[in-house]
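Residue-level listing of the chains:
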Amino acid sequence: MFFRNKNKAQSRIDTLIGVETHIEGNVNFAGGLRVDGSVKGNITETSTPSTLVLGETGRIEGAIKVSRIIMSG
């Protein structure tokens with residue numbers, strides 16, 4: 001009777017890459033990821049549908065493979 005749709009992208013943020021954070025390398029994640037800092041590498045969701053939020057100060061240099069993306073600014 002009550003069940004979750006496992007094919008629906010997450011709407012909550014599980015992981016935050018802050019404004020002063022700079023990552024060099026690929027990022028694999030599940031759930032919700034918000035990027036306010038910078039990532040130099042590819043961003044890929046794992047097997048479950050996920051959401052990437054790119055904040056106004058966020059920067060990504062690489063390929064992005066996610067079910068859902070929200071871009072601010």
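See the structure printed just above.
Residues numbered from 1 in each chain as written. Predicted model: local features only at pLDDT ≥ 70, side-chain atom pairs only at ≥ 80, totals over all residues. Heavy atoms only, no water.

Draft legend 1. Geometry of the sheet that holds strand 10 (residues 68-71). An order of 1-4-7-10 is seen for the four strands of this open sheet, with the pairing classed as parallel. One side of each edge strand has no neighbouring strand; the edge strands of this open sheet are strand 1 (15-17) and strand 10. Direction aside, neighbouring strands of the sheet carry axes that sit 15° apart on average. Looking at chain direction, strand 7 (residues 51-54) and strand 10 are connected through four bridges and run parallel. Note on strand 10: the bridge partner recorded for Val 53 is Ile 70. (Pairing = 2+ DSSP bridges. Helix = DSSP H or I, 4+ residues; strand = E, 2+ residues; numbered from the N terminus. Axes fitted to C-alpha atoms, helices over the stretch in contact; angles between N-to-C directions.)

Draft legend 2. View of the pattern of salt bridges. By the definition in use, this model includes three salt bridges. Taking the shortest distance from any N to any O, the salt bridge between Arg 12 and Asp 14 comes out at 2.8 Å. According to the relative accessible area criterion, Arg 12 is partly exposed, its value standing at 46%. The partner of Arg 34 in a salt bridge is Asp 36, with the nearest N and O atoms 3.1 Å apart. In this structure Asp 36 comes out as buried when scored by relative accessible area, which is 13%. (Salt bridge = Lys/Arg side-chain N within 4 Å of Asp/Glu carboxyl O. Buried < 20%, exposed > 50% of the residue type's maximum accessible area, 1.4 Å probe, protein only.)

Draft legend 3. Spatial organisation of the pairing of strand 4 (residues 32-35). Of the pairings in the sheet, the one linking strand 1 to strand 4 comprises three bridges and is parallel in character. Bridging from a neighbouring strand, Ile 17 pairs with Val 35 of strand 4. In the sheet, strand 4 pairs with strand 7 via four bridges, with the strands oriented parallel. Among the inter-strand pairings, Gly 32 is bridged to a residue of strand 7, identified as Thr 51.

Draft legend 4. Broad picture of the sheet that holds strand 6 (residues 43-45). With parallel pairing, three strands are arranged side by side in an open sheet as 3-6-9. Since the sheet does not close on itself, it has two edges, and those belong to strand 3 (27-29) and strand 9 (64-65), each with one partner. Relative to strand 9, strand 6 is paired through two bridges, and the arrangement is parallel. Across the sheet, residue Ile 43 finds its bridge partner in strand 9, namely Ile 64.

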